[in-house]
Amino acid sequence: MSVRRLHEQQPESFAFNEANMERVNQWIAKFPPERQRSAVIASLWIGQEQEGWVTKPMVEEIAKLLDMPYIRVLEVATFYTMFQLSPVGKHHVQVCTTTPCWLRGSDEVVKACKKHIHEKPHTVSADGEFSWEEMECLGACVNAPMILIDKDPYEDLTGEKTGEILEAIRRGEQPKTGPQNGRHSSEPEGGPTTLTTLEEKV
């Protein structure tokens, strides 16, 4: 895994808005007073949802809220790849390029991202709509290749289908999530090949 650092340029301050502060307090209240640090991942996630990415002032604010050393919150933010450490587009695309996705054509998915978003990963598209990056694994090898756009998975992709999905989102549409080749979930292509006569129990 490459070294992950906070972006060179940082905002001057950060504060949770009222609604998100309430969400953070709900997470803190789930743990005993001496265990409030357990809310660090949820707090970072809520902060990222608000700002789009994790900033240094955000890390400092969460450290104060949870009575944690700054470095401990920073360690969490830089360890988990779900936290974006630099500005992202309105929609962030994570492309799995681990072996199963690579064998099933993730190179073409990456090419589509370069064509429809930007040649370089971690770069916001000219219209501010998208950014993209390669990921180690998104956990759906059987439906490879796949991407996550924000929280939505798109599976069984081709380069062409990836481009169609990106452009649909750019137009403000919500493409169907999940498998893109007609499969319902992760059954074999062409339909089930085993237990085809199993009757449903009432």
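Since the structure is predicted, the reported quantities are computational estimates derived from the model, not experimental observations. (Residues numbered from 1 in each chain as written. Predicted model: local features only at pLDDT ≥ 70, side-chain atom pairs only at ≥ 80, totals over all residues. Heavy atoms only, no water.)

> Hey, could you run me through unusual backbone geometry in this one?
Excluding glycine, residues mostly carry a negative phi; peptide bonds, for their part, are mostly trans. In this chain, Ala144 is followed by Pro145 through a cis amide linkage whose omega measures -5°. Position of Pro145 relative to the elements: it lies in the loop between β2 (130-135) and β3 (147-149). (Helix = DSSP H or I, 4+ residues; strand = E, 2+ residues; numbered from the N terminus.)

> Is there a simple way to think about the packing of aromatic side chains in this case?
Any two aromatic rings considered together are summarised by their centre-to-centre distance and by the angle between their planes. As enumerated under the stated definition, the model contains three aromatic pairs in all. Between the aromatic rings of Phe14 and Phe16, the centroid separation amounts to 4.8 Å while the plane-to-plane angle is 80°, which identifies the pairing as edge-to-face. Taking the relative accessible area as the measure of exposure, Phe14 reaches 9% and is therefore buried. Owing to a relative accessible area of 10%, Phe16 belongs among the buried residues under this scheme. An angle of 90° between the planes, with centres 4.9 Å apart, marks the rings of Phe79 and Tyr80 as edge-to-face. Over the ring of Trp27 we find Lys30, and its NZ or CZ is 3.9 Å from the ring centre. (Phe/Tyr/Trp six-rings, centres within 6.5 Å; stacked < 30°, edge-to-face > 60°. Buried < 20%, exposed > 50% of the residue type's maximum accessible area, 1.4 Å probe, protein only. Lys NZ or Arg CZ within 6 Å of the ring centre and 35° of its normal.)

> Sorry, what's going on with a nonpolar patch on the surface here?
Together, Ile41, Phe79, Tyr80 and Met82 give the surface a local cluster of nonpolar side chains, amounting to about 350 Å² of exposed area. With respect to the helices and strands, the residue Tyr80 is situated in the loop between α4 (70-79) and β1 (91-96). Residue Tyr80 is classed as partly exposed on the basis of its relative accessible area of 36%. (Patch = residues over 30% accessible without salt bridge, like charges linked within 9 Å, V, L, I, M, F, W, Y side chains within 5 Å. Areas by Shrake-Rupley, 256 points an atom, 1.4 Å probe, with all protein chains shown as cover. Salt bridge = Lys/Arg side-chain N within 4 Å of Asp/Glu carboxyl O.)

> Explanation requested: the sheet that holds strand β5 (residues 178-179) in the structure shown.
Each strand in a sheet pairs with another by means of backbone hydrogen bonds, the pair being arranged parallel or else antiparallel. Taken in spatial order, the five strands of this open sheet run β2-β1-β3-β4-β5, and their pairing is mixed. In the strand order of this sheet, the two ends are held by β2 and β5, each with one partner. When β3 meets strand β4 (residues 152-155), the two strands line up antiparallel, connected through three bridges. For Ile147, the partnering residue across the bridge sits in β4 and is Tyr154. The sheet contacts of helix α6 (residues 106-116) involve β1, β2 and β3, and relative to β1 the element is tilted by about 155°. Relative to the sheet, helix α7 (residues 159-170) contacts β1, β2, β3 and β4, its axis offset from that of β3 by approximately 0°. (Pairing = 2+ DSSP bridges. Contact = heavy atoms within 4.5 Å. Axes fitted to C-alpha atoms, helices over the stretch in contact; angles between N-to-C directions.)

> Would you mind going over the UniProt feature "binding site: [2Fe-2S] cluster" (unreviewed entry) in the chain with me for this structure?
The UniProt entry lists Cys96, Cys101, Cys137 and Cys141 under the feature "binding site: [2Fe-2S] cluster" (unreviewed entry), expressed in the numbering used here. Over a stretch of 46 residues, the named residues converge on one spot in the fold, their C-alpha atoms separated by at most 9.3 Å. With respect to the helices, strands and loops of the structure, Cys96 is situated in strand β1. Among residues more than four places away in sequence, those in contact with Cys96 are Cys101, Ser106, Met135, Glu136, Cys137, Leu138 and Met146. On the secondary structure map, Cys141 appears in the loop between β2 and β3. Residue Cys141 is classed as partly exposed on the basis of its relative accessible area of 43%. (UniProt positions renumbered as here; feature names shortened; annotations may be inferred.)

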